Amino acid sequence: MSDSTLILPMNTHWNEIQTLINAETQLRDFCEHLSQYLITSLNANTCGIFLKMTESQTLKQVFVTENASFSPTSDLKIGQLCLNNDQLFIPLSVGTSLIGVIALQKVTEKVLQAKQIELAQIGLEVSLKLNTMINEQRLNRKIRVINEHLLSYETDPDGHITNVSQALSDELGVNKQTVIGERESRLFPHALIENDTKGKVIKFASPSGTPVWLRSNQVFNFDFMGEKHGQYHLYENITDLKKAELRSITDDLTGLYNRRYFNEIFSREIDHAVRYQEIVAFIIIDIDNFKKYNDTYGHHAGDITLTRVAKTLRECFRRKGDYVFRLGGEEFGVICNVTQSQDAETLANITREQVEALQLPHTGNPHRVVTISSGVAFVDANHLADSNELYKMADQALYEAKNQGRNRVNVSGSRDDIEFF
């Protein structure tokens, strides 16, 4: 039979190998013991077991005895033993799906005919056993991948945390065991939470201190009766996207928002204030006699001064809803929500005092140190203006502040009670 192929039907009966099938739980150990059993039973000299360990069609070598080498056969079919050139192939299948093959060498036709019923039994039983073990390995692999790579956690119907992936634990710098049973807020105690067009975004500092942005997606868990059984929360790390976004809207020198972003949101913020009858102030700030500063100290010193002033502005306007921009050159802009319109003038004066307190020498300025002047305008339920109007009013107020001696704050309409309309 060295040059021919023998095709034998596979029958299905229980056999003595059931003990091995019931007892062994480790895939490789099971394959090794199965190989030893088959080699002894069929008087073969080598054995190999090849399985589809993933969803692909590729058969992977799971166990092969020493010095074994097998040639694939095109005659392999589900439900048939194939003897070809003293190589015996036992297909492993579940239903109509081939999940693997057992290959043995030096099996004679005489032995095969004597053992064919037993091999048919083995083929069926081993197929079911290996299919279960493969599925368990696939599931365990998916669970491991989720745990190690996906930022996720689960909650029960009452919002208590039931599980946290290791990846999210590492990202947040928390011990997952300490948050099990706690409320969701325990995971993000100091995070900033906002919504964008694609979902909830959480910003927090990583254990190393660097900013991290995560976008949340939530899916309900259902039990086998179709009842809600909590939620599964999957997070997408959008830090690189946010950093790129920030670079596109941020001034390189000062780190403040740039003119492009100002143009993008200015009208939106004003429209929001008008719609919800809030008070929004717009402040234009200019460093006094800055051209003389550059002429005296040089542009490098000028850049340093711009960053120092920018830092002071950020410190003075740091509440939620405050936006600080570098509009160009030595000119800055601030959009801020205030409780009363007079608060905007107070904030502008605090900022002016803080800049003067830096005591940055400026011999070209009458005050002998770096100072700023500001023009303030605002919108509320009684003073309405669109973005172009508001900008012009703040700019005019700044012009008047400079004409009145610099290092001062001027509020639009404060002298002649001009009503916005």
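Our structure's up above, just so we're on the same page.
The model shown is predicted, which means the values in this text are computed figures rather than measured ones.

Caption draft 1: Region of the structure containing the packing of aromatic side chains. Throughout the structure, instances matching the rule amount to 17 aromatic pairs. Ring plane angle 55° and centroid distance 6.1 Å describe the contact between Phe188 and Phe204, whose orientation is recorded as tilted. Of this pair, Phe188 sits in the loop between helix H5 (176-179) and strand E9 (192-196) while Phe204 sits in strand E10 (residues 199-205); the two residues are 16 residues apart in sequence, bridging distant segments of the chain. Judged by its relative accessible area of 11%, Phe188 is buried. Since its relative accessible area comes to 11%, Phe204 is described here as buried. Consider the rings of Phe290 and Tyr293, whose centres lie 5.9 Å apart with planes at 5°: the pair is stacked. Separated by 3 residues within a single helix, Phe290 and Tyr293 lie in helix H8 (residues 290-297), roughly one turn from each other. Like Phe290, the residue Tyr293 is buried in the burial classification.

Caption draft 2: Seen up close, the packing of helix H9 (residues 299-316) against helix H10 (residues 341-356). Close contact between H9 and H10 brings their axes to 10 Å; oriented N to C, the two are set at 140°. The hand of the H9/H10 crossing is right-handed. Facing H9, whose interface residues are Val309, Thr312, Leu313 and Cys316, H10 presents Leu347, Ile350, Thr351, Gln354 and Val355. Taken together, the residues of the contact of H9 with H10 break down into 6 nonpolar, 3 polar and no charged.

Caption draft 3: Examining the nonpolar core more closely. Grouped together as the largest cluster of nonpolar side chains are 32 residues, with contacts concentrated most on Leu88, Ile102, Leu104 and Leu130. For this core, the secondary structure elements donating two or more residues are helix H1 (18-23), helix H2 (27-42), strand E2 (46-51), strand E3 (60-64), strand E4 (80-84), strand E5 (87-94), strand E6 (97-105) and helix H3 (109-149). Setting aside its immediate chain neighbours within four residues, Leu130 contacts Leu27, Phe30, Cys31, Leu51, Leu92 and Ile99. With 31 residues, the next largest nonpolar core counts Ile287, Cys316, Ala348 and Val411 among its residues.

Caption draft 4: Just helix H7 (residues 259-275), in detail. Between its terminal C-alpha atoms H7 stretches 25 Å, which fits the 24 Å expected from 17 residues at 1.5 Å a residue. A maximum bend of about 35° is found in H7 at Ile265. Where the residues of H7 are buried, they touch helix H6 (239-249), strand E13 (279-287), strand E14 (323-328), strand E15 (331-338), strand E16 (372-379) and helix H11 (387-403). Positive phi shows up at Gln277, right after H7, with a value of about 55°.

Caption draft 5: Focus on the pairing of E16. Judged by how many residues are buried, E16 sits mostly within the fold: 8 of 8 residues are covered. Side chains Ile372, Ser374, Val376 and Phe378 of E16 all project onto a buried face; the interleaved residues Ser373, Gly375, Ala377 and Val379 project onto the opposite face, where all are buried too. Alignment of E13 against E16, held across 8 bridges, turns out to be antiparallel. Counterpart to Phe282 in the pairing with E16 is Ala377. For E16 and strand E17 (residues 409-411), the ladder comprises 3 bridges, and the chain directions are parallel. The residue of E17 that forms the bridge with Gly375 is Asn410.

Caption draft 6: Local environment of the pairing of E9. As paired elements, E9 and E10 share 5 bridges and run antiparallel to each other. Each bridged residue has a counterpart across the sheet, and for Ile193 the counterpart in E10 is Ile202. Following E9, the chain reverses through 2 residues before pairing antiparallel with E10.

Calculation rules
- Residues numbered from 1 in each chain as written.
- Predicted model: local features only at pLDDT ≥ 70, side-chain atom pairs only at ≥ 80, totals over all residues.
- Heavy atoms only, no water.
- Phe/Tyr/Trp six-rings, centres within 6.5 Å; stacked < 30°, edge-to-face > 60°.
- Helix = DSSP H or I, 4+ residues; strand = E, 2+ residues; numbered from the N terminus.
- Buried < 20%, exposed > 50% of the residue type's maximum accessible area, 1.4 Å probe, protein only.
- Axes fitted to C-alpha atoms, helices over the stretch in contact; angles between N-to-C directions.
- Left-handed = near helix turned anticlockwise from the far one by under 90°.
- Contact = heavy atoms within 4.5 Å.
- Nonpolar A, V, L, I, M, F, W, Y, C, P; charged D, E, K, R; others polar.
- Core = buried A, V, L, I, M, F, W, Y, C linked by side-chain atoms within 4.5 Å.
- Expected span 1.5 Å × (residues − 1).
- Bend = angle between axes of the 7 residues up to and from the residue.
- Pairing = 2+ DSSP bridges.

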